[in-house]
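So the chains spell out like this:
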Amino acid sequence: MITVSVRRSGDNISGFTVAGHAGYADKGDDIVCAAVSILAINTVNSIEKLTGSVPVIDESDGFLDVTVPDPAEKGVKLLLDSFLLGIEGIVEEYGNKFVKFSLTDA
């Protein structure tokens, strides 16, 4: 199971953690794992390339932790809100059996 924890500070997302593997299908064929991974990586890359903000990243195999220094910046906020929308859509489509999602106050 993938766990996704999104940290919120007021109306702004200050970061997120993604850990684990979905187990939806065999390695290399797991579309749930691929979807979450692509969404998380694209969000980080978009923040860096499109806003100039540099997130603090901790990563290893099956683990990614991202903290943004300026969550209230308009572009950063939009990209992180889009990440949240995407994760909620994946959970809605595939359920808590494969992705466990939490939203916490930082």
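In what follows, the structure referred to is the one given above.
Anyway, here's the lowdown on the structure attached to this text.

Calculation notes
Residues numbered from 1 in each chain as written. Predicted model: local features only at pLDDT ≥ 70, side-chain atom pairs only at ≥ 80, totals over all residues. Heavy atoms only, no water. Core = buried A, V, L, I, M, F, W, Y, C linked by side-chain atoms within 4.5 Å. Buried < 20%, exposed > 50% of the residue type's maximum accessible area, 1.4 Å probe, protein only. Helix = DSSP H or I, 4+ residues; strand = E, 2+ residues; numbered from the N terminus. Lys, Arg positive; Asp, Glu negative; His and termini not counted. Salt bridge = Lys/Arg side-chain N within 4 Å of Asp/Glu carboxyl O. Polar contact = N/O pair within 3.5 Å; in protein donor to acceptor, adjacent residues only side chain to side chain. Contact = heavy atoms within 4.5 Å.

A word on the nonpolar core
Then, number 1: Among the nonpolar cores identified, the biggest contains 26 residues, and Ile2, Val4, Phe16, Val18, Val36, Phe83 and Val99 are the most heavily contacted of them.
Then, number 2: Of all the secondary-structure elements, those providing two or more residues to this core are strand 1 (2-9), strand 2 (12-20), helix 1 (31-51), strand 4 (63-67) and helix 2 (74-94).
Then, number 3: The biggest single contributor to this core is helix 2, with 8 residues.

Section: the side chain of aspartate 30
Then, number 1: By the element assignment, aspartate 30 lies in the loop between strand 2 and helix 1.
Then, number 2: Buried charge aspartate 30 goes without a salt bridge, the closest partner of opposite sign being lysine 27 at 11 Å.
Then, number 3: At 3.1 Å, the side chain of aspartate 30 forms a polar contact with the backbone nitrogen of valine 32.
Then, number 4: A polar atom in the side chain of aspartate 30 sits 3.0 Å from the backbone nitrogen of cysteine 33.
Then, number 5: Every residue in contact with aspartate 30, bar those within four places of it in the chain, is listed here: Ala22, Gly23, Tyr24 and Ala25.

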